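So the chains spell out like this:
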Amino acid sequence: MYKEKYKKIFSLLENHNDFFSNSIPLIASENITSPAVREATISDFANRYAEGWPGERVYAGCEYIDQVELECAKLAKELYNAEFADVRPISGVVSNLIIYSAFTLPGDIMICMPISSGGHISHGKKEYSGTAGLVHGLNIDSFPFDKVNMNIDIDKTIHKIKKLEQDKIPKLSMFGGSLFLFPHPVKELSEIFKEYNIHINYDAAHVAGLIAGKQFQDPLREGADTMTMSTHKTLFGPQGGLILSYDKFAEKIKKATFPGLTSNHHIHHMAAKTIAFIESLEFGSIYAKDIIENAKMLACSLNEFGFDVLGEKNGFTKSHQVVVDISKYSDGGKAEKELEKSNIIVNRQLIPGDIKAGRNYLHPGGIRIGVSEITRLGMKKSEMKQIAEFIKNVIIDKKESVKIQNKVKMFRNDFQKVKYCFDDKTKAYEYIKIK
Ligand SMILES: *Cc1c(COP(=O)(O)O)cnc(C)c1O
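Residues numbered from 1 in each chain as written. Predicted model: local features only at pLDDT ≥ 70, side-chain atom pairs only at ≥ 80, totals over all residues. Heavy atoms only, no water.

**Student:** Sorry if this is basic, but what is going on with the overall build of the chain here?
**Tutor:** Looking only at helices and strands, the chain has 15 helices and 17 strands in total. Here the C-alpha radius of gyration of the chain, 22 Å, is about what a compact globule of 435 residues would show, namely 22 Å. Across its three principal directions, the C-alpha atoms of the chain cover 60 × 55 × 45 Å. Here the chain holds 435 residues, and 58% of them are scored as buried. One finds the centroid of the 58 positive side-chain charges in the chain at a distance of 4 Å from the centroid of its 54 negative side-chain charges. (Helix = DSSP H or I, 4+ residues; strand = E, 2+ residues; numbered from the N terminus. Rg over C-alpha atoms; globule rule 2.2 N^0.38 Å. Buried < 20%, exposed > 50% of the residue type's maximum accessible area, 1.4 Å probe, protein only. Lys, Arg positive; Asp, Glu negative; His and termini not counted. Charge placed at Lys NZ, Arg CZ, Asp CG, Glu CD.)

This is how it looks when you write it as structure tokens:
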């Protein structure tokens, strides 16, 4: 009786892979992993426990796990030129929570990007169920944001800190965000933050691969005390987290990670992160360069078709993202659905000014487009022009979605393998049967 349900689930999984192999995946927080990373994630490491630090485990049976994990941390440190790496956090949110726990107490203040300007919900207030407020009881203050430059306003931030009363000084500052077009002014603000004893964390969830490829900014050299990230957005990893820092902060971070915020740390993902770091050391720099070139090309093409692409003053983007104000044609929610019908996968996005204009998260003014996955599939500048045209066909020309969908499927035929990796036996979205 349950066999039918069982079969149904597997057919849904296969349908999903088929859908993605025929789509243009443009979610900025997603990517595709190499066959090597996929293989590591289905190893027996997936079924084991290895609580604690290599060599000091809570359980036996960790001989090979320890060898991989020691290599994993070594490679992470090499990739980011860091003194200390904790490879155990299981996600970006958990990495941030580890930082909150290690360096603040409930009731302390954190200054970060407002969510409406690109901050992540894990930096958010309790009222929004943001992790920082809801889980760790932090009070949230926000960086003044400059909409024209699409960046933190340096002068206003310095002014703000200087004028704060003693009991309003933040304990923690959080750079980075989810809408992230240009490097944040860590260097410009680190001096004043240090003067006021404000711990500096840089959330590299989105731009971890660009930093690894040395094409964005170098937060640990610019004054960040700690850097948190997801391992799967612009980086080559499976879904997971990572924290990098200096030896002086190592003990606090290690304790907050275990036993504080993790018990088991998903050992198969740790193994797959190790492979991802190796791929990143070998191919990460050229990959990051190609991503940024593609993003610029896509932004320019969309702009030429009449779209209002944000960040024009600074060349639209220096990251993997392109953000478009779509409000003169549609709204972000509707646009997302229309594009999906044509097999073009983007996400709606709150953009600066939306809240004032009465727009909300369900129907915001923007869409966010990421080029990391399509770059990993080998797409280059001419494909960016074509994708911009597909988007124009859907949003501006309002062409029939079935027609565009067929064109998208044809266009996708030539891009079925993962590039920037050592082995490519398996197709990018090949459904692997082992049962
Ligand atoms: C995606 C994201 C996270 C959360 O990462 P997960 O790995 O999904 O938990 C944290 N911070 C920022 C800025 C993000 O964009």
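**Student:** Please explain the layout of surface pockets as it appears in this structure.
**Tutor:** Taken as a whole, the largest pocket spans an internal volume of roughly 960 Å³. Along the wall of the largest pocket there are 28 residues; nearest its centre are Asn17, Ile32, Thr33, Arg38 and Ala428. Elements supplying a minimum of two residues to the lining of the largest pocket: helix H1 (3–21) and helix H2 (35–41). Per-element accounting of the lining of the largest pocket gives the leading share, five residues, to H1. The residue inventory of the lining of the largest pocket, partitioned by class, reads twelve nonpolar, ten polar and six charged. Taken as a whole, the second largest pocket holds about 450 Å³ of empty space. Tallying contributions element by element places strand S16 (residues 347–349) first for the lining of the second largest pocket, with three residues. Here the lining of the second largest pocket is composed, by residue class, of five nonpolar, 13 polar and four charged. (1 Å grid on protein atoms, 1.4 Å probe; cavity = no way out; pocket = protein on both sides within 12 Å on 5 of 7 lines; lining within 4 Å. Points joined across faces, edges and corners; volume = space filled by probe spheres on them. Nonpolar A, V, L, I, M, F, W, Y, C, P; charged D, E, K, R; others polar.)

**Student:** Quick question: what am I supposed to make of the side chain of Asn347 here?
**Tutor:** By secondary structure assignment, the location of Asn347 is in strand S16. Asn347 has contacts with Ile27, Ala28, Glu336, Ile367 and Arg368, leaving out every residue within four places of it along the chain. (Contact = heavy atoms within 4.5 Å.)

**Student:** Got a minute to help me understand the site of the ligand in this structure?
**Tutor:** Gly92, Val93, Ser178, Asp203 and Lys233 are the nearest of the 14 residues found near the ligand. The side chain of Ser178 places a nitrogen or oxygen atom 2.9 Å from an oxygen atom of the ligand. Note that an oxygen atom of the ligand is positioned 3.4 Å from one of the side-chain N or O atoms of His206. Protein coverage of the free-state accessible area of the ligand, which is 380 Å², stands at 86%. Looking at the shell around the ligand residue by residue, the classes come out as two nonpolar, ten polar and two charged. (Near = heavy atom within 4 Å. Polar contact = N/O pair within 3.5 Å; in protein donor to acceptor, adjacent residues only side chain to side chain. Areas by Shrake-Rupley, 256 points an atom, 1.4 Å probe, with all protein chains shown as cover.)

**Student:** Which parts of the structure should I look at to understand the sheet that holds S16?
**Tutor:** Within a sheet, neighbouring strands are paired by backbone hydrogen bonds and run either parallel or antiparallel to one another. Pairing within the open sheet is antiparallel, and its four strands lie in the order S13-S14-S17-S16. Where the open sheet ends on each side, the last strands, each with one partner, are strand S13 (308–309) and S16. Strand direction decides the pairing type here: S16 and strand S17 (residues 366–370), joined by three bridges, are antiparallel. When the sheet's bridge partners are listed, Arg348 is paired in S17 with Ile367. Together, S13, strand S14 (321–325) and S17 form the strand contacts of helix H11 (residues 267–304), whose direction differs from that of S14 by roughly 20°. (Pairing = 2+ DSSP bridges. Axes fitted to C-alpha atoms, helices over the stretch in contact; angles between N-to-C directions.)

**Student:** What's the story with the pattern of salt bridges in this structure? I'm lost.
**Tutor:** Note that side chains of opposite charge can pair when their charged atoms are close. With the rule as written, the count across this model stands at 19 salt bridges. Note that Lys171 and Asp108 form a salt bridge whose closest N and O atoms lie 3.9 Å from each other. With Lys171 in the loop between helix H6 (154–163) and strand S9 (172–175) and Asp108 in the loop between helix H4 (92–103) and strand S5 (109–112), this pair connects stretches of sequence that are 63 residues apart. Lys254 is paired through a salt bridge with Glu251; the nearest N and O atoms lie 3.7 Å apart. With a gap of three residues between them, Lys254 and Glu251 both fall in helix H10 (residues 250–261), about one helical turn apart. On the accessibility criterion, Lys254 (18% relative accessible area) is buried. When its relative accessible area of 47% is taken as the criterion, Glu251 is described as partly exposed. One connected set of salt bridges, linked through shared partners, spans Arg57, Asp66 and Glu69. (Salt bridge = Lys/Arg side-chain N within 4 Å of Asp/Glu carboxyl O.)

**Student:** For this particular structure, what's the right way to read the packing of aromatic side chains?
**Tutor:** The geometry of an aromatic ring pair is captured by the separation of the ring centres together with the interplanar angle, meaning the angle of the planes. For the structure shown, the criterion picks out 17 aromatic pairs. An angle of 75° between the planes, with centres 5.4 Å apart, marks the rings of Phe19 and Phe20 as edge-to-face. For Phe19, a relative accessible area of 29% translates into the label partly exposed. Following the ring pairs from residue to residue traces out a cluster consisting of Phe19, Phe20 and Tyr429. In this arrangement the basic side chain of Arg348 is found over the ring face of Tyr361, its NZ or CZ atom lying 4.7 Å from the centre. (Phe/Tyr/Trp six-rings, centres within 6.5 Å; stacked < 30°, edge-to-face > 60°. Lys NZ or Arg CZ within 6 Å of the ring centre and 35° of its normal.)

**Student:** Is there a simple way to explain the nonpolar core in this structure?
**Tutor:** Taken as a class, soluble globular proteins show a tendency for nonpolar side chains to be buried jointly. If you look at the biggest cluster of nonpolar residues, it comprises 105 residues, and the most contacted ones within it are Tyr80, Tyr202, Leu244, Leu302, Ile344, Ile369 and Ile391. Considering each element in turn, this core owes the most residues, 16 residues, to H11. Setting aside residues no more than four positions away along its own chain, Ile344 makes contact with Ile24, Leu26, Leu339, Phe390, Ile391, Ile404 and Val408. Formed by 20 residues, the second largest nonpolar core is a distinct cluster that contains Ile99, Phe103, Leu172 and Phe249. (Core = buried A, V, L, I, M, F, W, Y, C linked by side-chain atoms within 4.5 Å.)

**Student:** Can you help me understand the sheet that holds strand S6 (residues 139–142) in this one?
**Tutor:** Pairing within the open sheet is mixed, and its seven strands lie in the order S4-S12-S11-S10-S9-S5-S6. Edge strands, defined here as strands with exactly one partner in the open sheet, are strand S4 (84–86) and S6. Going from strand to strand, the sheet's axes swing by 20° on average, the running direction of each strand aside. Against the sheet, H10 makes contact with S4, strand S11 (226–230) and strand S12 (241–245), and its axis sits at roughly 5° relative to S4, the strand it touches most.

**Student:** Explanation requested: empty space enclosed by the protein in the structure shown.
**Tutor:** If a probe as big as a water molecule is rolled over the atoms, it shows which places are left empty. Following the criterion strictly, the structure yields two cavities of 30 Å³ or more and no others. Grouping the amino acids of the lining of the largest cavity by side-chain chemistry returns seven nonpolar, two polar and no charged. By volume, the second largest cavity is sized at about 30 Å³. Taken together, Arg88, Pro89, Ile90, Gln239, Gly240, His265, His266, His269, Met270 and Lys273 make up the full set of residues lining the second largest cavity. Considered class by class, the residues forming the lining of the second largest cavity number three nonpolar, five polar and two charged.

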